[in-house]
Amino acid sequence: NVTSLMFQEDQVGYLAGVLAAGMSKSGTVCTVSGMEIPPVQRFVIGFQNGAKWMKADAKTLNVYIPSFTDPAKGKETGQSMIGQGCDVVFGVGGNTGNGGLLAAKEKGLMAIGVDVDQYNTYPEVKDALISSAAKNVDAAVYNYLKSVKDGTVKAGVMTANLTNGGVGLAPYHDWDSKIPQAVKDKVKEAADGLKSGKLATGYK
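Worth saying up front: this structure is predicted, and the values here are computed from it rather than measured.

**With respect to a nonpolar patch on the surface**
Here is step 1: Together, Val 137, Val 141, Leu 145, Val 148 and Val 153 make up an exposed nonpolar region whose accessible area comes to about 370 Å².
Here is step 2: Position of Val 141 relative to the elements: it lies in helix α6 (residues 137–149).

This is the structure in structure tokens:
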């Protein structure tokens, strides 16, 4: 009698990778990640494959940090990858990942938030945020409650994905006019491809 609401992080991670590679000038993008657990791995693998779909020669760097509450370590890790040429940082580890976003902001580089629209929740870095890879918990819960109301609710796993609006990229906010239409079109093409099954995120 339990329904678990799960999220296909690899799908929205993929879109974040497409966006990152499309915006990168150096050709290197990176992830400052928390613990090496399935949701984080889904984000990272999706991101890396999305970046390579966008630009076959894109370089992807990643470091897993065994904590979600170590922004200092996240920042240091972000700075290290920026030193290796990364110019778009995707923070995938709660407060640890936030340190990576801050490293990008302080260097005048681009960043991508995670889980929620971090433009609203982490104002210190909003100028650097080109988007966030969001889990739309509101949509997932709404879909679940709707199934309760109409009597179709089932025990097991309800997966929130691009098709049912349960995951997606947050608005581009301040960057909307700075992101080329060609890049926005590729993000849409990737989203359509993932929905139709023509594209795969690479997460097994």
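**Overview of the packing of aromatic side chains**
Here is step 1: Evaluation of the coordinates by the stated rule reveals three aromatic pairs.
Here is step 2: Look at Tyr 14 and Trp 53: their rings are 6.3 Å apart centre to centre, the planes differ by 45°, and that puts the pair in the tilted class. Placement of Tyr 14 in helix α1 (residues 9–23) and of Trp 53 in helix α2 (residues 38–54) is noted, with a sequence separation of 39 residues between them.
Here is step 3: Its relative accessible area of 3% is what places Tyr 14 among the buried residues.
Here is step 4: Look at Trp 53 and you get partly exposed, because its relative accessible area is 25%.
Here is step 5: Geometrically, the ring pair formed by Phe 43 and Phe 90 is edge-to-face, given 6.0 Å between the ring centres and 90° between the ring planes. Here the residue Phe 43 occupies a position in helix α2, and Phe 90 occupies one in strand β4 (residues 88–92), the gap between them amounting to 47 residues. Accessibility classification places Phe 43 together with Phe 90 in one group, the buried group.

**Thoughts on the packing of α1 against helix α7 (residues 181–196)**
Here is step 1: Here α1 crosses α7 at 155°, and the two axes come no closer than 9 Å. The angle between the axes of α1 and α7 places the two elements in the roughly antiparallel class. For the pair α1 and α7, the crossing hand works out as right-handed. Along the contact surface, α1 presents Gln 11, Tyr 14, Leu 15, Val 18, Leu 19 and Gly 22, while α7 presents Val 183, Lys 186, Val 187, Ala 190, Ala 191 and Leu 194.

**With respect to the pattern of salt bridges**
Here is step 1: Taken as a whole and judged by the stated rule, the model has nine salt bridges.
Here is step 2: Here Lys 73 and Glu 76 are joined by a salt bridge, their closest N and O atoms 3.4 Å apart. Of this pair, Lys 73 and Glu 76 both sit in helix α3 (residues 71–83), three residues apart, which is roughly one turn of the helix.
Here is step 3: Assessed through its relative accessible area of 35%, Lys 73 is described here as partly exposed.
Here is step 4: What makes Glu 76 partly exposed here is its relative accessible area of 47%.
Here is step 5: A salt bridge links Glu 189 to Lys 186; the shortest N-O distance between them is 3.4 Å. Pair noted here: Glu 189 and Lys 186 are both in helix α7, with a separation of three residues, about one helical turn.
Here is step 6: Look at Lys 186 and you get partly exposed, because its relative accessible area is 26%.
Here is step 7: The structure contains a network of salt bridges with shared partners spanning Glu 9, Arg 42, Asp 115 and Lys 135.

Rules used throughout
- Residues numbered from 1 in each chain as written.
- Predicted model: local features only at pLDDT ≥ 70, side-chain atom pairs only at ≥ 80, totals over all residues.
- Heavy atoms only, no water.
- Patch = residues over 30% accessible without salt bridge, like charges linked within 9 Å, V, L, I, M, F, W, Y side chains within 5 Å.
- Areas by Shrake-Rupley, 256 points an atom, 1.4 Å probe, with all protein chains shown as cover.
- Salt bridge = Lys/Arg side-chain N within 4 Å of Asp/Glu carboxyl O.
- Helix = DSSP H or I, 4+ residues; strand = E, 2+ residues; numbered from the N terminus.
- Phe/Tyr/Trp six-rings, centres within 6.5 Å; stacked < 30°, edge-to-face > 60°.
- Buried < 20%, exposed > 50% of the residue type's maximum accessible area, 1.4 Å probe, protein only.
- Axes fitted to C-alpha atoms, helices over the stretch in contact; angles between N-to-C directions.
- Parallel < 35°, antiparallel > 145°, perpendicular 65-115°, else oblique.
- Left-handed = near helix turned anticlockwise from the far one by under 90°.
- Contact = heavy atoms within 4.5 Å.

That is the geometry; function is a separate question.
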